[in-house]
Amino acid sequence: MAKNKDFVVPSRKQPFWKFVKKIFSIFLRKPKIINLAGEINNQALYLSNHQAKTGPLYLDMYYPKFHCMWGAYEMLGTYKERFKYLRDVFYMQKRGFSKAKANSKSWFEAIFNKYLYKGMHVIGTYQDARLKETFKKSLKVLNNDIGIIIFPEDSSNGYFDVLTKFNQGFISLALMFYRKHGVDLPIYPNYVNTKKKVIIIGKPLFANELLSQGKSFEEVAEIFKNAVNDLYYNYIENNQYKKY
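Reading guide: rules and limits
- Counting restarts for each chain: residues are numbered from 1 in the order of the written sequence.
- The model is predicted, so local features are restricted to residues of pLDDT at least 70 and side-chain atom pairs to those at 80 or more, both for listing and for counting; the totals for chains, interfaces and linings are taken over all residues.
- Where side-chain values are given, they derive from all heavy atoms of the structure, hydrogens and water being excluded.
- For helices the rule is a DSSP run of H or I covering at least 4 residues; for strands it is a run of E covering at least 2, with both sets numbered from the N terminus onward.
- Our radius of gyration is a C-alpha quantity, and the globule rule it is checked against amounts to 2.2 Å times the number of residues to the power 0.38.
- The cut-offs for exposure are 20% and 50% of the maximum accessible area for each residue type, with area from a 1.4 Å probe on protein chains only; residues under the lower value are buried, those over the upper are exposed, and the others partly exposed.
- Note on contacts: a residue pair qualifies if any of its non-hydrogen atoms lie within 4.5 Å across the two residues.
- Here, axes are lines fitted to C-alpha atoms. For helices the fit covers the stretch in contact, and angles between N-to-C directions go from 0 to 180 degrees.
- Convention used here: angles under 35 degrees read as roughly parallel, angles over 145 as roughly antiparallel, angles from 65 to 115 as roughly perpendicular, and any remaining angle as oblique.
- Nonpolar residues are Ala, Val, Leu, Ile, Met, Phe, Trp, Tyr, Cys and Pro. Charged residues are Asp, Glu, Lys and Arg, and all others, Gly as well, are polar.
- Among buried residues, those of type Ala, Val, Leu, Ile, Met, Phe, Trp, Tyr and Cys that are joined through side-chain atoms within 4.5 Å constitute a nonpolar core.
- Only residues whose relative accessible area exceeds 30% and that form no salt bridge are eligible for patches; like-charged ones are grouped when within 9 Å, while nonpolar side chains (Val, Leu, Ile, Met, Phe, Trp, Tyr) are grouped when within 5 Å.
- Each accessible area value is a Shrake-Rupley result obtained with a 1.4 Å probe; residue values ignore everything except the protein chains displayed when judging cover.
- Note on definitions: salt bridges are taken to be side-chain nitrogens of Lys or Arg within 4 Å of carboxyl oxygens of Asp or Glu.

Looking at the overall build of the protein
Step number 1: Helix and strand content of the protein: eight helices and eight strands.
Step number 2: For a compact globule of 244 residues, the expected C-alpha radius of gyration is about 18 Å, and the protein comes in at 18 Å, within 12% of that figure.
Step number 3: Each of the three principal axes of the protein carries a C-alpha extent, and together these read 50 × 45 × 35 Å.
Step number 4: Counting every position in the protein, which comprises 244 residues, the buried fraction comes to 50%.
Step number 5: Across the protein, contacts joining residues at least 24 apart in sequence account for 75% of those joining residues at least 6 apart.

Listed below in C-alpha cells is the structure:
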C-alpha cells in the first residue's frame, strides 16, 4: 500500500467510473432513500450494515454524498491476495460456501475486484500496526471535506440483518479528528437493503460527546450498533419504508 504522502484524495470528477456505474445500474436499480437526518454533512462518517457483497456497491452508486470507503486491504493487493481473501474469508468463512464453490467464484472475481475497489475509493483497513496508515489516509480525506462510509459490523461468522457487534475503529478515527481539529464529527447510522431497494439514513450521533459522558469505547460502539439496528426494526422489518 502507498504511504500517506503518496495518497491522492479522490476527485469528484470520475467520467469513467460514472460510465461503469451506469452499467451496474441495470442490475442494481435506484433505491428509495429515506433521509431522517435532514442536511447531511460532507465531513462525516457514515456507518452502515454491509449486506454481504452488494451493500457497498449499492451505497457507492446511490449514497447522496461523495465519499470514500473502508474495506479489507487484501482486496487492493496482488491477484493471489485478492483470490485468497475472497475464497478463504469472504466465501468460506463468512458465507459458508464449500471450497469448490468458493474457488469457482473467487478466481474470476479476483481479476476485476481490485479495479472495483479503486473506483469505489476504498481505503484499505488492517488488523495490525498498519492501521495507522488507514487513519492517516482517512484524516486526509476528511480534511478535504469528504466523508467516509464504514462497515463496522463484526462479520466473522457471516452477515445478518440484525447486527451483533461493532468493531471500534471508527471511534478511534473520530477521536483523532476531534483531538486534531476540535470538531466532533457527525456519525450517521445507515441501513441498506438491496432486495427491498432502500437506503435509510439516521440522525447523527457524536462519538466524543458520548465518550465525554464517561462511556467506554465498547459502550459507544454498542450505541451506534443499536442505532443501525433500530433503522432495520423501525423501517425494514415491518415494511414501514413503503410509506415513504
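We are not done yet, so read on.
A word on the packing of helix α6 (residues 169-181) against helix α8 (residues 217-237)
The relative placement of two packed helices comes down to the angle between their axes together with the axis-to-axis distance.
Step number 1: Following both chains from N to C, one finds α6 and α8 inclined at 105°, their axes separated by 9 Å at the closest point. Between α6 and α8, the interaxial angle falls into the category roughly perpendicular. Taking contact as the criterion, the partners of F170, I171, S172 and L175 in α6 are, on α8, F217, V220, A221 and F224.
Step number 2: Of the residues belonging to the contact of α6 with α8, the class tally is seven nonpolar, one polar and no charged.

Examining the nonpolar core
Step number 1: Counting residues in hydrophobic clusters, the biggest one holds 40 residues, and the most contacted among them are L45, F170 and L173.
Step number 2: Core analysis: the next-biggest nonpolar cluster, separate from the first, contains 37 residues, Y46, Y159, Y188 and V192 among them.

Description of a nonpolar patch on the surface
Step number 1: Together, Y79, W107, F108, I111, F112 and Y115 line one region of the surface with nonpolar side chains, adding up to about 650 Å² of accessible area.
Step number 2: Considering each element in turn, the nonpolar patch owes the most residues, five residues, to helix α4 (residues 99-119).
Step number 3: Secondary-structure assignment places I111 in helix α4.
Step number 4: A residue is classified by how much of its surface remains accessible, and I111, at 41% relative accessible area, is partly exposed.

Comments concerning the pattern of salt bridges
Step number 1: Summed over all chains, the structure comprises five salt bridges.
Step number 2: We note a salt bridge from D128 to R130, for which the minimum N-O separation is 2.9 Å.
Step number 3: Using a relative accessible area of 37% as the deciding quantity, one classes D128 as partly exposed.
Step number 4: On the accessibility criterion, R130 (38% relative accessible area) is partly exposed.
Step number 5: Between E133 and K136 there is a salt bridge; the shortest N-O distance is 4.0 Å. Taken together, the residues E133 and K136, both in helix α5 (residues 131-143) and three residues apart, mark about one turn of the helix.
Step number 6: The exposure class of E133 is buried, given its relative accessible area of 14%.

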